[in-house]
Amino acid sequence: MSIVVTAASGQLGRAVVTSLLDRGAAPADVVATSRRPESLADLADRGVQVRRADYSEPATLTEALAGAERVLLVSGDEFGRRVTQHTAVVEAAVAAGAGLLAYTSAPHAATTSLALAAEHAATERVLVGSPIDHVLLRNAWYVENYTGQLATYREHGLVGATGEGRVSLALRREYAEAAAAVLLGEGHAGATYELGGEAVTLAELAAVIGDVTGEPIGHTDVPVAQLEQILLGADLPASAAATFADVDRGIAAGELLVPTDDLTRLLGRAPLSTTDAVREALAG
Ligand SMILES: NC(=O)c1ccc[n+]([C@@H]2O[C@H](COP(=O)([O-])OP(=O)(O)OC[C@H]3O[C@@H](n4cnc5c(N)ncnc54)[C@H](OP(=O)(O)O)[C@@H]3O)[C@@H](O)[C@H]2O)c1
């Protein structure tokens, strides 16, 4: 069975390919695509097929998806262009006669007010209107979005605008493993999975980091507009500052909370606790 994973040069896509191999997929059945196929040389050395695919160049998608039976479309990162790009991938998968396409979406994409999710919702609508069987993998927040900033938190504390809201967290590799389970499994067509692990407030996250490091970590909750100004002051581009501030608004409103055990069921075990994820990040 030929399984195509897009954006395999990215952290999530690469972890999906690795997970497919770990779960017994034959390397020759796995196609890893990227705009930069040279970055996948190590996967090619393991026998994985590597093909060039750019979401903005439909001709590359036709070639990259030729013969695909199952496809994982990893959402792109070029905001404002993603609906057109993702539509091109869906069309190439349909043209290839693929039997299943899984798409990495956002929590509650069809109903959320999160600005970040608008293109995910639009992509979901494209899938619903297409003839291809599909699975929606609505990934909540990567815990690495926070654990990647531990040094900053230890120096300045944790500043957010999430109030009492909880955000569901899991490791990228756990979302990747769930995607691999879907790609290799049966009976997932038509499913929408809301994926996330432990849900924490930012105050709880600061306390966890404090417990693990043995140093108290401050937590300051500010209004959304103030957070946006703080991010601008930290030299973030205006669009990124607005997007990240809006994420905190969404967390406060419960829009990044996924009260399901979908991730546990797909993994066949509970995802790592936030405490263990912080420990792992600290251990490097
Ligand atoms: N749930 C969350 O917390 C969260 C956080 C951040 C992002 N995301 C979403 O999840 C996706 C995967 O996350 P990640 O951690 O793997 O991100 P990442 O490491 O930044 O990788 C992004 C991937 O998207 C690929 N890409 C971007 N534009 C493309 C195009 N036009 N054609 C083909 N590939 C393209 C990149 O390819 P190149 O290597 O060629 O640049 C790269 O492989 C992101 O793209 C974003 O949509 C989710």
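Residues numbered from 1 in each chain as written. Predicted model: local features only at pLDDT ≥ 70, side-chain atom pairs only at ≥ 80, totals over all residues. Heavy atoms only, no water.

As recorded in an unreviewed UniProt entry, the protein chain goes by the name SDR family oxidoreductase, listed as coming from Nocardioides lentus.

Caption draft 1: Local environment of the site of the ligand. Ser9, Leu12, Arg36, Ser75 and Arg172 are the nearest of the 22 residues found near the ligand. A distance of 2.6 Å is found between an oxygen atom of the ligand and a side-chain nitrogen or oxygen belonging to Ser9. A distance of 3.4 Å separates an oxygen atom of the ligand from a polar atom in the side chain of Arg82. Here the ligand loses 83% of its free accessible area of 890 Å² to cover by the protein chains. Within the residue set of the shell around the ligand, elements represented by two or more residues are α1 (11–22), α4 (82–96) and β7 (141–142). Broken down by class, the residue content of the shell around the ligand amounts to eight nonpolar, seven polar and seven charged. (Near = heavy atom within 4 Å. Polar contact = N/O pair within 3.5 Å; in protein donor to acceptor, adjacent residues only side chain to side chain. Areas by Shrake-Rupley, 256 points an atom, 1.4 Å probe, with all protein chains shown as cover. Helix = DSSP H or I, 4+ residues; strand = E, 2+ residues; numbered from the N terminus. Nonpolar A, V, L, I, M, F, W, Y, C, P; charged D, E, K, R; others polar.)

Caption draft 2: Quick look at the nonpolar core. Core analysis: the biggest nonpolar cluster contains 58 residues, and Val16, Leu20, Leu65, Leu72, Leu101 and Leu137 have the highest contact counts within it. With residues up to four places along the chain from it excluded, the contact list for Leu20 reads Ile3, Val5, Ala25, Val30, Ala180, Leu183 and Leu184. The next biggest cluster of nonpolar side chains, apart from the first, holds 25 residues, and it includes Leu116, Val247, Leu256 and Val278. (Core = buried A, V, L, I, M, F, W, Y, C linked by side-chain atoms within 4.5 Å. Buried < 20%, exposed > 50% of the residue type's maximum accessible area, 1.4 Å probe, protein only. Contact = heavy atoms within 4.5 Å.)

Caption draft 3: Looking closely at the sheet that holds strand β10 (residues 192–195). Here we have seven strands laid out as an open sheet, ordered β3-β2-β1-β4-β5-β6-β10, and parallel in their pairing. Here the strands that pair on one side only, and so sit at the sheet edges, are β3 (49–52) and β10. Here the strands of the sheet are splayed against their neighbours by 20° on average, with no regard to which way each runs. On the sheet, α4 packs against β4 (70–73) and β5 (100–105) and is oriented at approximately 180° with respect to β4. The strands that helix α8 (residues 172–184) touches are β1 (3–5), β4, β5, β6 (134–139) and β10; relative to β4, the one it contacts most, it runs at about 155°. (Pairing = 2+ DSSP bridges. Axes fitted to C-alpha atoms, helices over the stretch in contact; angles between N-to-C directions.)

Caption draft 4: Geometry of the pattern of salt bridges. Under the criterion given, the structure shown has 17 salt bridges. Of the charged contacts in the structure, one is a salt bridge between Arg14 and Asp42, with a shortest N-O distance of 2.7 Å. Of this pair, Arg14 sits in helix α1 while Asp42 sits in helix α2 (residues 41–45), and the two are 28 residues apart along the sequence. Residue Arg14 is classed as partly exposed on the basis of its relative accessible area of 25%. We note a salt bridge from Glu280 to Arg173, for which the minimum N-O separation is 2.6 Å. Remark: Arg173 occurs in helix α8 and Glu280 occurs in helix α13 (residues 274–283); sequence separation between them is 107 residues. Looking at Glu280, the relative accessible area reads 33%, which means it is partly exposed. Looking at Arg173, the relative accessible area reads 42%, which means it is partly exposed. By sharing partners, the salt bridges in this structure join Arg23, Glu177 and Arg269 into a single network. (Salt bridge = Lys/Arg side-chain N within 4 Å of Asp/Glu carboxyl O.)

Caption draft 5: Here's a closer look at the packing of α4 against helix α5 (residues 118–128). In the contact formed by α4 and α5, the axes pass within 9 Å of each other and the chain directions differ by 30°. In terms of their interaxial angle, α4 and α5 are classed as roughly parallel. Seen along the crossing, α4 lies across α5 with a hand that is right-handed. Residues Arg82, Val83, His86, Thr87 and Val90 of α4 form the contact with α5, whose participating residues are Glu119, His120, Ala122, Thr123, Val126 and Leu127. Per-class residue counts for the contact of α4 with α5 are five nonpolar, four polar and two charged. (Parallel < 35°, antiparallel > 145°, perpendicular 65-115°, else oblique. Left-handed = near helix turned anticlockwise from the far one by under 90°.)

Caption draft 6: How the structure looks around unusual backbone geometry. At Ala7, a residue that is not glycine, the phi angle is positive and equals roughly 50°. Assignment of secondary structure puts Ala7 in the loop between β1 and α1. The phi angle at His108 is positive, at roughly 50°, despite the residue not being glycine. For His108, a relative accessible area of 23% puts it in the partly exposed group.

Caption draft 7: Layout of the environment of Ala252. Checked against the element boundaries, Ala252 lands in helix α11 (residues 238–252). For the pair Ala252 and Val167, spaced 85 residues apart in sequence, the C-alpha to C-alpha distance is 8.5 Å. Filtering out sequence-adjacent residues up to four positions away, Ala252 remains in contact with Ala161, Thr162, Gly163 and Gly165.

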